[in-house]
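Residues per chain are reported as follows:
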Amino acid sequence: MMVTFFITDMRGGGAERVTLLLINQMVSFGHSVDLLILRKEGEFLEAIPESVNVVVLGDGRIRNALFPLCKYLRSENPDHLIVSMWPLTTVSVVASLFAGYKGRLVLSEHNTLSLTPQALGKTGFLLRLCMRLVNHLKGEVVGVSQGVIDDLHLLGLPEKSGSVIHNPILMSDQSSLPDSWLSHPWVSENDARKILSVGSLKKQKDYPLLLKSVAILKDKGVKVQLLILGQGDLEDEIIRLRSELGIEDCVFLGGFVSDPALFYRRANLFVLSSAWEGFGNVIVEALAVGTPVVSTDCKSGPAEILENGKYGKLVPVGDSVALAKAIEESLSETFDPEALKARAKDFSPEIIAKQYLELVQ
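Please read all numbers here as calculations on a predicted model, not as lab measurements.

**Q** Just to check I follow, could you spell out the packing of helix α7 (residues 207–219) against helix α12 (residues 320–332) for this structure?
**A** Between two packed helices, what matters for the description is the angle formed by their axes and the separation of those axes. Packing of α7 against α12 brings their axes to within 8 Å, and their N-to-C directions diverge by 60°. Here α7 is positioned oblique relative to α12, judged by the angle of their axes. Considering how the two elements wind past one another, α7 and α12 form a crossing that is right-handed. Seen from α7, the contacting residues are Leu-209, Leu-210, Lys-212, Ser-213, Ile-216 and Leu-217; seen from α12, they are Ser-320, Val-321, Leu-323, Ala-324, Ile-327 and Glu-328. Tallied by class, residues from the contact of α7 with α12 come to eight nonpolar, two polar and two charged.

**Q** Is there a simple way to think about the sheet that holds strand β8 (residues 193–198) in this case?
**A** Hydrogen bonds between backbone groups are what pair the strands of a sheet, and the pairing can be parallel or antiparallel. Across the sheet, six strands lie side by side as β10-β9-β8-β11-β12-β13; this open sheet has parallel pairing. In the strand order of this sheet, the two ends are held by β10 (251–255) and β13 (313–315), each with one partner. With direction set aside, neighbouring strand axes in the sheet form an average angle of 25°. Against the sheet, helix α10 (residues 281–288) engages β8, β11 (269–272) and β12 (293–296), with an angle of about 170° to β11. Packing of α12 onto the sheet brings it into contact with β8, β9 (224–229), β11, β12 and β13, and relative to β13 it is tilted by some 170°.

**Q** Got a minute to help me understand the pattern of salt bridges in this structure?
**A** Side chains that differ in charge, positive against negative, can pair when their charged atoms come close. Tallied over the entire structure, the rule returns 17 salt bridges. Of the charged contacts, one joins Lys-220 and Glu-328 as a salt bridge, the two residues approaching to 2.7 Å between their closest N and O atoms. Linking Lys-220 in the loop between α7 and β9 with Glu-328 in helix α12, this pair joins segments that are 108 residues apart in sequence. With a relative accessible area of 54%, Lys-220 lands in the exposed category.

**Q** Could you clarify how one ought to interpret helix α5 (residues 146–154) in this entry?
**A** Helical periodicity: at 3.6 residues per turn, an α-helix aligns residues three or four positions apart in one direction. All buried positions along α5 are accounted for by Gly-147, Val-148, Ile-149, Asp-151, Leu-152 and His-153. The inward-facing, buried residues of α5 contact β5 (104–109), α4 (121–133), β6 (140–143), β7 (163–164) and α11 (302–305). The positive-phi residue at the C-terminal boundary of α5 is Gly-156, with phi of around 120°.

What counts, and at which threshold
- Residues numbered from 1 in each chain as written.
- Predicted model: local features only at pLDDT ≥ 70, side-chain atom pairs only at ≥ 80, totals over all residues.
- Heavy atoms only, no water.
- Axes fitted to C-alpha atoms, helices over the stretch in contact; angles between N-to-C directions.
- Helix = DSSP H or I, 4+ residues; strand = E, 2+ residues; numbered from the N terminus.
- Parallel < 35°, antiparallel > 145°, perpendicular 65-115°, else oblique.
- Left-handed = near helix turned anticlockwise from the far one by under 90°.
- Contact = heavy atoms within 4.5 Å.
- Nonpolar A, V, L, I, M, F, W, Y, C, P; charged D, E, K, R; others polar.
- Pairing = 2+ DSSP bridges.
- Salt bridge = Lys/Arg side-chain N within 4 Å of Asp/Glu carboxyl O.
- Buried < 20%, exposed > 50% of the residue type's maximum accessible area, 1.4 Å probe, protein only.

Given below as C-alpha cells:
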C-alpha cells in the first residue's frame, strides 16, 4: 500500500514531528511512503528514512501548489493521502477533485483555528468558507483533539463531519547530553528545582505568562530554574521581559533541540503556558518519561490528555498567580511516574498510525 503525506515543510514544530513519527511507523508497517512538501527545509528532513520519496511541489507558495499536486495525484495515485493543516487541506480537496483522485484523503487539523490569526479578516472569511463548503466534500476530516473538532464545527464544518485521532508521541532512549550542555547552569546547578518548557517562541505559547510566574516564585524565595527549548520570532521580546523581571539568573533559552528526551528526564516539572493549543504534544512527551506536568487549561488538548487534572494540574489561561501556585505545589508533591508513563502509552505511534489506517479502510 502507498501512503503519501503532505505538509508545508519539516521545520521543528509539533505537526512536523507528528508527520515524521507517522512516516516512520508506516514504513515499519511495510508500506511505501511519499512525502510532499512545499519547501525542502527543516530540522526533521535529515531524519526521514531513505526509503521515503520526498517530492517538492511548486515554488514553495501554497497558492501555486494546486496544479503540481494534481499532476502528482494523476501520476502516482497513492492509496492514501494524509494532509496536515489548513489551507493545505482545502488545496488538497480541490486538487483531488480536479485530478479525479480515487484514493482516500485525510485532512488533519492540528490547531484550534478560531483562536489563530488565520481566523481574522479576509483569511478568516476564506477559512470559514472552506470549512462550510469545501473540506467535507471529499475525504475524512481529522482533529487532533475533540476541542479541535468542536472548533471546526463552529467555523462551519458540518456537524456530522470529523473524527478525533490524537497525535503520536515517541521519546528516545537518549542517555547523555551534548558536551556543550554539561556546564550549563540548568544542568549543573543542583540546588534549584528544574522546570522545563518546550515549544516555538510565539504568541500562542504565552511565555510571558510563564516568566511572570517564575518571577512570583523568585520573590517568594522558591528556588527554581526554567529552561525553554524552542526558537521563534519572539525571542528578543522574551529576553527583554526576562531582564525587566530580574530573572536572568533563573530563566534560560536553549534554542531548538531535535531530541529533547533527556531534558524532559532531568526536569522536576514540565510546564505548558499556552493561550491555545490543538493538542499539546509536549505534555505527552513529559508524561512519557514520568515527569509531572502543569498546564494552562487552554483550548484544546491539555484537559483531554491530563483527563481534567487526573494526570497533572490545570490552571486558568493567563493567570500567572495561579500558575505560580500550581508550580510550587507540584514541586512539593509526590507523584507516580509509572502512572504518567502508562497514560502516555495511549499515544504510541503504532496505535495512532493504525487509527489513521482504520479510518480510511
